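# Overview (structure and organization)
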Amino acid sequence: MGRARETRRDKRIKGFTLVELLVVLAILGMLAALVGPQVLNQLGGAKSKSAAIQISDLEQALELYKLDVGKFPSSEQGLDALVRQPSGATGWNGPYLKRGELPDDPWGNPYEYRYSGGMPEIMSYGADGRSGGSGEDADVTG
């Protein structure tokens, strides 16, 4: 009979009670509520930083294009001139991008390119894909 009591005690000791599980779940929920927004803010900022880095890479490719061709691509030719030779571009030695294709911004939109004689301008309109905005919707330029 002494062994039967020991076996019952062993069975009761194994496992967790419902109260213990609820306490652990409550603690995990509070941690997620505190840490979650901070992680999401960091991810959002990472996309803007990634866009700025991509714009910098595109600007470097434009400089190489200018060295070979003698001028920056026109606004009409756009960034596509970095991967496909535009008509009348003598000295073109591309593609000037590693993968041979034009990247989209981190939000899946194409980069905007303008050139009016000075320095070319490359920009991303941010998460909303429209001019202006703040936070993740803000425009990103080089």
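Right above here is the structure, for reference.
Residues numbered from 1 in each chain as written. Predicted model: local features only at pLDDT ≥ 70, side-chain atom pairs only at ≥ 80, totals over all residues. Heavy atoms only, no water.

## Here we look at the packing of aromatic side chains
- In this structure the tally under the stated criterion is 3 aromatic pairs.
- Three or more aromatic residues link up through ring pairs in this structure, and these residues are Tyr-65, Trp-92 and Tyr-96. (Phe/Tyr/Trp six-rings, centres within 6.5 Å; stacked < 30°, edge-to-face > 60°.)

## Thoughts on the pattern of salt bridges
- Counted by the stated rule, this structure contains 2 salt bridges.
- One salt bridge connects Arg-84 with Asp-80, and the closest N-O pair in it is separated by 2.2 Å.
- For Arg-84, a relative accessible area of 51% puts it in the exposed group.
- The salt bridge involving Arg-114 is made with Glu-121; its shortest N-O contact spans 3.5 Å.
- Glu-121 sits in the partly exposed class, given a relative accessible area of 33%. (Salt bridge = Lys/Arg side-chain N within 4 Å of Asp/Glu carboxyl O. Buried < 20%, exposed > 50% of the residue type's maximum accessible area, 1.4 Å probe, protein only.)

## A closer look at a nonpolar patch on the surface
- A cluster of nonpolar residues, Leu-18, Val-19, Leu-22, Val-23, Val-24, Leu-25, Ile-27, Leu-28, Met-30 and Leu-31, forms a patch on the protein surface that exposes about 990 Å² of accessible area.
- Here Ile-27 is to be found in helix 2 (residues 18–69).
- For Ile-27, a relative accessible area of 42% translates into the label partly exposed. (Patch = residues over 30% accessible without salt bridge, like charges linked within 9 Å, V, L, I, M, F, W, Y side chains within 5 Å. Areas by Shrake-Rupley, 256 points an atom, 1.4 Å probe, with all protein chains shown as cover. Helix = DSSP H or I, 4+ residues; strand = E, 2+ residues; numbered from the N terminus.)

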